[in-house]
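Spelled out from the first residue to the last, the chains are:
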Amino acid sequence: MTTPDLTAILRDKLAEQPWWKKYANTVTTAITLGVNVLWVLVSLGVDIDPTIIGGVAAAIQALGVLGVKLTPNGVTERQIADIENYVGKHRAG
């Protein structure tokens, strides 16, 4: 019985997935940053208590952290390289 080449399977998966899947956590973080910047810019132009501005900004950031936690990760080049290095070390020894 032959063992499938895991890195070849991962490279195929990497080639098939859309770009946003590969960078899912980065996209989620960028969206959170954009929403937070927009909130701060808009709120500074309105008469709102600075404590509320900070509280809402903190809540947006907390939701961003939750968003990153819940965002399914795609396959990345770095993961494939890490697996290749791990397997290479253990096969060489």
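Residue indices follow the written sequence of each chain, beginning from 1 at its first position. At least 70 in pLDDT is required for a residue's local features to be given in this predicted model, at least 80 for side-chain atom pairs to be given and counted, and no such filter applies to totals for whole chains, interfaces and linings, which use all residues. Side-chain numbers here rest on the full set of heavy atoms in the structure, without hydrogens or water.

A. Geometry of the side chain of T71. With respect to the helices and strands, T71 occurs in the loop between α4 (50-70) and α5 (77-92). Given a relative accessible area of 18%, T71 falls into the buried group. One polar contact links the side chain of T71 to the main-chain carbonyl oxygen of G67, over a distance of 2.4 Å. The residues contacting T71, other than those within four sequence positions of it, are A24, N25 and T28. Only DSSP runs of H or I reaching four residues or more are called helices, and only runs of E reaching two or more are called strands; each is numbered from the N terminus. Using a 1.4 Å probe on the protein chains alone, a residue whose accessible area is under 20% of its type maximum counts as buried, one over 50% counts as exposed, and one in between counts as partly exposed. Here a polar contact means two N or O atoms within 3.5 Å. Within protein one must be a hydrogen donor candidate and the other an acceptor candidate, and residues neighboring in sequence count only if both atoms are side-chain atoms. Contact between two residues is taken to exist if any of their heavy atoms lie within 4.5 Å; hydrogens are not considered.

B. How the structure looks around the pattern of salt bridges. Salt-bridge detection follows one rule: a side-chain nitrogen of Lys or Arg within 4 Å of a carboxyl oxygen of Asp or Glu. Considering all chains together, one arrives at two salt bridges under this definition. A salt bridge links E77 to R11, with the nearest nitrogen and oxygen atoms 3.2 Å apart. You can see E77 sitting in helix α5 and its partner R11 sitting in helix α1 (residues 6-16), a full 66 residues away along the chain. Take E77: its relative accessible area is 39%, and that puts it in the partly exposed class. By relative accessible area, R11 is classed as partly exposed at 35%. A salt bridge links E84 to R11, with the nearest nitrogen and oxygen atoms 3.2 Å apart. Taken together, the positions of E84 in helix α5 and R11 in helix α1 put the pair 73 residues apart, joining distant regions of the chain.

C. Structural detail: a nonpolar patch on the surface. There is a patch of nonpolar side chains on the surface, built from W19, W20 and Y23 and spanning about 420 Å² of accessible area. Relative to the elements of secondary structure, Y23 occurs in the loop between α2 (19-22) and α3 (24-44). The partly exposed category is assigned to Y23, whose relative accessible area is 42%. Patch criteria: residues need more than 30% relative accessible area and no salt bridge. Like-charged residues are merged within 9 Å; nonpolar side chains of Val, Leu, Ile, Met, Phe, Trp and Tyr are merged within 5 Å. Each accessible area value is a Shrake-Rupley result obtained with a 1.4 Å probe; residue values ignore everything except the protein chains displayed when judging cover.

D. Inspection of the confidence of the model for the protein at higher detail. In the predicted model, the protein carries a mean pLDDT of 88, and 91% of its residues have values of at least 70. Confidence scores labelled pLDDT are given residue by residue by the predictor and lie between 0 and 100. Taken element by element, the protein is modelled with least confidence in α5, mean pLDDT 80, and with most confidence in α4, mean pLDDT 96.

E. Main features of α3. Helix span, expected: 1.5 Å multiplied by one less than the number of residues in the helix. In a regular helix each residue adds 1.5 Å, so 21 residues correspond to 30 Å; α3 covers 30 Å between its end C-alpha atoms and thus fits that length. Buried residues along α3 sit in contact with α2 and α4.

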